[in-house]
There are 2 protein chains.
Amino acid sequence: MTNDNRTFEARLDKLAEVAVRVGLGAVKGQEVVMTAPLDAVPLARRITHHAYKAGATIVTILYTDDATTLERFATASDESFDKATAWLYDGMAAAFRSGAARLAIVGENPSLLAGQDPAKVARANRARSAAYRPALDLIARSAINWTIVSAATPAWARTVFPDLPEAEAVARLWDAIFAASRVDTPDPIEGWAEHNRALAVRTGILNEKRYAALRFTGPGTDLEVGLCDGHRWAGGAGKAENGITYNANIPTEEVFTTPHRARVNGHVAATKPLSYQGTLIQDIRVRFEGGAIVEAHASSGEDVLRKVLEIDEGSCRLGEVALVPHASPISLSGLLFFNTLYDENAASHIALGQAYAKTVEGGGEMTPEQQIAAGINSSLIHIDWMIGSGEVDVDGVRQDGSVEPVMRKGAWV
Amino acid sequence: MTNDNRTFEARLDKLAEVAVRVGLGAVKGQEVVMTAPLDAVPLARRITHHAYKAGATIVTILYTDDATTLERFATASDESFDKATAWLYDGMAAAFRSGAARLAIVGENPSLLAGQDPAKVARANRARSAAYRPALDLIARSAINWTIVSAATPAWARTVFPDLPEAEAVARLWDAIFAASRVDTPDPIEGWAEHNRALAVRTGILNEKRYAALRFTGPGTDLEVGLCDGHRWAGGAGKAENGITYNANIPTEEVFTTPHRARVNGHVAATKPLSYQGTLIQDIRVRFEGGAIVEAHASSGEDVLRKVLEIDEGSCRLGEVALVPHASPISLSGLLFFNTLYDENAASHIALGQAYAKTVEGGGEMTPEQQIAAGINSSLIHIDWMIGSGEVDVDGVRQDGSVEPVMRKGAWV
Ligand SMILES: [Zn+2]
Ligand SMILES: [Zn+2]
Ligand SMILES: [Zn+2]
Ligand SMILES: [Zn+2]
């Protein structure tokens, strides 16, 4: 499963090319603002190459370092945890407003902050979320082309392959990333074009159906998820306000839309553990009434789960529902990644918290009050949470209440 | 000359402590904005530790990467070279205005851009200088506490020790950095306090003299450098506008003041090669008339030197004159560092270009026009340039034209 250096370098280069040409779509005349973990330097450098090759003016890499993050929690004074680097996030927002594209390499240690004071973690996250909001709003409404891609860092690889020696774990995780990102095919760019066409066919079919709701049934699950009136299904390539067609996630397998924040009822059992801020929440079982979670259990991490549900008025309601076939390449790998970019593309899922207004007709132009009235949820958080598997069926509920199958045992009907 | 790991780690930690406690002076309640080469990660992490320990709220490290800089020159389109990341420099200026301290780790490859198109290098530098100006102005007028410290990177170490294997070169360069930064003494913090006291005694003596000019004589050199009326000598610790006492350079051996931009006459021969933007300029000999260089020669890099002198009206005039004893610890190392932070603290020097207005009484409050009228030079550049050695004498010229010795053969009289 490990690869000789030449092959690895070639595949890494292909991943970088996919990140730029498929993920960002085009960068000619644009700055590129990249964030990356220090362990992702080789990928960041190859992405820099492909961005300049595609005509980027300046590529800036902002590196994050788990060691200095831990140093803060170990050493900083208490007042630190209500602060954030507003100047840096404002600077990123200014870059986006002046036309920069945004690329994020992710590969964090999923349990980096597991041993830290949860109150400090929550305060630091809240301060960061508030400071990052202006930049995030530009990304969330697709003002610019943006993408997220993963790098196999040692800490992440150890979590996915706890029984393997580190070097082998890293190599195995790279193999999984390359495969899921369609880098191992003879023509990755054409492979992505084909994949985007298939996702567009699927969203086209679902958009014609105009279902009132989706119903999930399976072991421990009988859940009806009402959809917003005028909801639109999205998936694969999208178009940013700057006119550039891009893929926000590399890889991506989901089609998704906006559930109605007050029309979710029934109970559901998670099909994978959820890694949230370094805490593993296992065997989640919750019950919804009128859109809100009214009962929540977990075999571990139940306290953290309850805290999440209390963050704000929207954090116990749904902001996304997404369908992913159980036979998706990431799912077939059989791996649990503890990384949302991967796990959410391995199973149908719902997300607690903030909704995408763009997947409701006219949603982007509504005031916040109009969005709530239309059923579009609002929250500081957006946490994807896997409820699909090879044992889960999905039905579409028509406006007249009649029902038809959408997925059987995790496969499209 | 190499050190076992434990000793190296302990000395690196001491250097980090000196950078924070002596360099920045105090950081309680401040953000710290750090820039560092990727090869300086271990030092950046230790500095982060000491900054948090001293009460910093958030430490942000902006890493630079020689590889991506070269990638830009190798691959980017022509339009790239007139662009700069204004959003990032504006963000840094915003951080300084909101009270952040500034720490720079330097250790660049002195000849990184030697093989690149000089026109592109000049354009990129000009764009960067213009974008960085608001942040630099805050640093130049000491609005905040700031400091520069060095890390021994492989590329720099290879330049200083071209005949040694890389690992040994890096270890030797670290030894030189630790020694020059007073890290190897039993109590570095007290050692710095004592050194700052000695520099204050020296500036006190020179300030009482109120010389009209300094005269440098030695092999190839007979130069009179007129000083501004109301000039002040500075050196070692200074006080920022935010009230914090800090040391802008670790190490520092110089005392310096502001020459009069129109009162420099005679000829001078450089005593060390000058590394400018990756070009080595050797055996510089120039002649001044009325403050301006009217004749310039070099045995190599003469074209680049001439280009520097033509950058703007102030780039062929002096902005700084500094005295450093030939017996300074850095000078005694016998090494040529190709790094201004080190070489300028090994020999008396002059600087082409921008002057420090603060070393003239009332200079900081003058308009740009008033500064020029007072003889305070202005330019986009500031290039320190070594003219002292064990063979150079310095005399002080009193207001009445009489003369007294200041240094003999590079030593204080
Ligand atoms: Zn999703
Ligand atoms: Zn989501
Ligand atoms: Zn100097
Ligand atoms: Zn200088």
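Look up a bit, the structure's there.
Residues numbered from 1 in each chain as written. Chains lettered and ligands numbered in written order. Predicted model: local features only at pLDDT ≥ 70, side-chain atom pairs only at ≥ 80, totals over all residues. Heavy atoms only, no water.

## Things to note about the coordination of the zinc ion (ligand 1)
All names here are of chain A. Our working definition: Excluding water, the donors of a metal are its N, O and S neighbours within 2.8 Å, or within 3.2 Å for Na, K and Ca, and that exclusion means sites may look incomplete. Where helices and strands are cited, they refer to DSSP runs of H or I of at least four residues and of E of at least two residues respectively, numbered from the N terminus.
Each protein donor to the zinc ion (ligand 1) is listed here as Glu 254 (OE), Glu 320 (OE), Glu 344 (OE) and His 349 (NE2); together their distances run 1.9 to 2.2 Å. In primary-sequence terms, the residues that donate to the zinc ion (ligand 1) follow E-x65-E-x23-E-x4-H. In this structure the zinc ion (ligand 2) is found 3.4 Å away from the zinc ion (ligand 1), and Glu 320 serves as a bridging donor for the pair. One end of the pair, Glu 254, is in the loop between strand E8 (245–246) and strand E9 (255–257); the other, His 349, is in strand E16 (residues 349–353), with 95 residues separating them in the sequence.

## Let's talk about the side chain of Ser 328 of chain A
All names here are of chain A. Note the cut-off: Accessible area is worked out with a 1.4 Å probe on protein chains only. A residue is then buried under 20% of its type maximum, exposed over 50%, and partly exposed in between. Residues count as neighbours in contact if any of their non-hydrogen atoms are within 4.5 Å of one another.
Its place among the elements puts Ser 328 in the loop between strand E15 (318–323) and helix H10 (329–332). For Ser 328, a relative accessible area of 2% gives the class buried. Residue contacts for Ser 328: discarding those within four places in its chain leaves Glu 253, Asn 345 and Ala 346.

## Describing the nonpolar core
Here is the rule: Throughout this description, the term nonpolar core refers to a set of buried Ala, Val, Leu, Ile, Met, Phe, Trp, Tyr and Cys residues connected via side-chain atoms within 4.5 Å.
With 122 residues, the main nonpolar core has Ile 47, Ile 105 and Trp 174 of chain A together with Ile 47, Ile 105 and Trp 174 of chain B as its most contacted residues. Discounting residues that sit within four places of it in the chain, Trp 174 of chain A has contacts with Phe 8, Leu 12, Leu 15, Leu 43, Ser 150, Ala 151 and Ala 152 of chain A. Ranked by size, the runner-up nonpolar core spans 46 residues in total, among them Trp 146 of chain A together with Met 92, Ala 95 and Ala 143 of chain B.

## A word on the pattern of salt bridges
Rules: By convention in these notes, a salt bridge is any Lys or Arg side-chain nitrogen within 4 Å of a carboxyl oxygen on Asp or Glu.
The full count for this structure, using the stated rule, is 50 salt bridges over all chains. A salt bridge links Glu 313 of chain A to Arg 317 of chain A; the nearest nitrogen and oxygen atoms lie 3.5 Å apart. Residue class for Arg 317 of chain A comes out buried when judged on its relative accessible area of 15%. With a shortest N-O distance of 3.0 Å, Asp 175 of chain B and Arg 11 of chain B are connected by a salt bridge.

## A short note on the packing of helix H4 (residues 86–97) of chain A against helix H5 (residues 118–140) of chain A
Residue and element names in this part refer to chain A. What counts is decided by this rule: Only the stretch in contact is used when fitting a helix axis, every axis being a line fitted to C-alpha atoms; angles between N-to-C directions are given from 0 to 180 degrees. Under this scheme an angle from 65 to 115 degrees is roughly perpendicular, one under 35 degrees roughly parallel, and one over 145 degrees roughly antiparallel; angles in between are oblique. Nonpolar residues are Ala, Val, Leu, Ile, Met, Phe, Trp, Tyr, Cys and Pro. Charged residues are Asp, Glu, Lys and Arg, and all others, Gly as well, are polar.
One can describe the packing of H4 onto H5 by two numbers: an axis separation of 9 Å at closest approach and a directional angle of 5 degrees. Taken as axis vectors, H4 and H5 run roughly parallel relative to one another. Along its contact with H4, which presents Ala 86, Tyr 89, Asp 90, Met 92, Ala 93, Phe 96 and Arg 97, the element H5 presents Arg 128, Ala 131, Tyr 132, Pro 134, Ala 135, Leu 138 and Ile 139. Grouping the constituent residues of the contact of H4 with H5 by class yields eleven nonpolar, no polar and three charged.

## Quick word on the state of the cysteines
Note the threshold: What counts as a disulfide here is a pair of cysteine sulfur atoms lying within 2.5 Å.
For the structure on display, the rule yields zero disulfides over all chains. Between Cys 316 of chain B, a cysteine without a disulfide, and Cys 228 of chain B, which holds the nearest cysteine sulfur, the sulfur-to-sulfur distance is 16 Å.

## Notes on the environment of Asp 343 of chain B
Here Asp 343 of chain B lies in helix H11 (residues 340–343). Separated by 13 residues in sequence, Asp 343 of chain B and Ile 330 of chain B place their C-alpha atoms 7.8 Å apart.

## With respect to the pairing of strand E6 (residues 221–227) of chain B
Residue and element names in this part refer to chain B. Our working rule: At least two DSSP bridges between two strands are required for those strands to pair.
Among the seven residues in E6, five count as buried, and that is most of the element. With six bridges joining them, strand E5 (residues 213–218) and E6 adopt antiparallel strand pairing. Bridge assignment links Arg 215 to a residue of E6, and that residue is Glu 224. From the end of E5 to the start of E6, which pair antiparallel, there are two residues, and Gly 220 there has a positive phi angle of about 80 degrees.

## What about the relation of the copies chain B and chain A?
Superposition of the two copies of the chain requires a rotation about an axis together with a shift along that axis. Spelled out, the test is: In superposing the copies, a least-squares fit is computed on C-alpha atoms, taking residues whose pLDDT is at least 70 in both.
Overlay of chain B on chain A (RMSD 0.0 Å): rotation 180 degrees, translation along the axis 0.0 Å. The two molecules are tied by a two-fold rotation axis, judged by turn and shift. Closest to the rotation axis within chain B is the C-alpha of Gly 91 of chain B, separated from it by 2.6 Å. In this assembly, 100% of the residues forming the interface of chain B have copies in chain A that are likewise at the interface, indicating an isologous arrangement.

## Brief notes about the coordination of the zinc ion (ligand 3)
Residues and elements named next belong to chain B. Heads up, the rule is: Any coordination sphere not matching a tetrahedral pattern (four donors, all angles between 85 and 135 degrees) or a square planar or octahedral pattern (four or six donors, opposite donors over 155 degrees apart, other angles between 65 and 115) is reported as irregular.
Protein-derived ligands of the zinc ion (ligand 3) are Glu 254 (OE), Glu 320 (OE), Glu 344 (OE) and His 349 (NE2), with the metal-ligand distances lying across 1.9 to 2.3 Å. Given four donor atoms and angles of 80 to 151 degrees at the metal, the environment of the zinc ion (ligand 3) is assigned as irregular. Donor residues for the zinc ion (ligand 3) sit on one chain with the sequence pattern E-x65-E-x23-E-x4-H. Between the zinc ion (ligand 3) and the zinc ion (ligand 4), a separation of 3.3 Å is found, and both are coordinated by Glu 320. Of this pair, Glu 320 sits in strand E15 (residues 318–323) while His 349 sits in strand E16 (residues 349–353), and the two are 29 residues apart along the sequence. Residues Glu 320 and His 349 agree in their burial class; the two are buried.

## A look at the environment of Met 386 of chain B
Residue and element names in this part refer to chain B. Counting through the fold element by element, Met 386 comes out in strand E17 (residues 382–386). Taking the C-alpha atoms as reference points, Met 386 and Ala 351, 35 residues apart in sequence, are found 8.5 Å from one another. Other than its neighbours up to four places away in sequence, Met 386 contacts Ala 270, Thr 271, Lys 272, Asp 343, Glu 344, Ala 347, Ser 348 and His 349.

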